[in-house]
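Residue-level listing of the chains:
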Amino acid sequence: MTHDKNVEVERKEKKSDSSKVGVAAIKYITYLIIFFGILWFLITYVFGRLL
């Protein structure tokens, strides 16, 4: 007696591409540095001269 069964094996691989994460982190850190640089410039020069 043989029992034939149709079994589907589904493999899920979680791809974690660390280079994409690194590029995104560098991009957003750069945005923050530029933002705080502009903010520092405004506080130091623009608002400093008004007071």
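Residues numbered from 1 in each chain as written. Predicted model: local features only at pLDDT ≥ 70, side-chain atom pairs only at ≥ 80, totals over all residues. Heavy atoms only, no water.

(A) Up close: the packing of aromatic side chains. Under the defined criterion, the tally for this structure stands at four aromatic pairs. Centroid distance Trp40 to Tyr45: 6.1 Å. Interplanar angle 90 degrees. Geometry classified as edge-to-face. According to the relative accessible area criterion, Trp40 is exposed, its value standing at 52%. Seen from their ring centres, Phe41 and Tyr45 are 5.3 Å apart, and the 40 degrees between their planes marks the pair as tilted. Linking Phe41 with Tyr45, this pair stays in helix 1 (residues 18-50), spanning four residues, or about one helical turn. (Phe/Tyr/Trp six-rings, centres within 6.5 Å; stacked < 30°, edge-to-face > 60°. Buried < 20%, exposed > 50% of the residue type's maximum accessible area, 1.4 Å probe, protein only. Helix = DSSP H or I, 4+ residues; strand = E, 2+ residues; numbered from the N terminus.)

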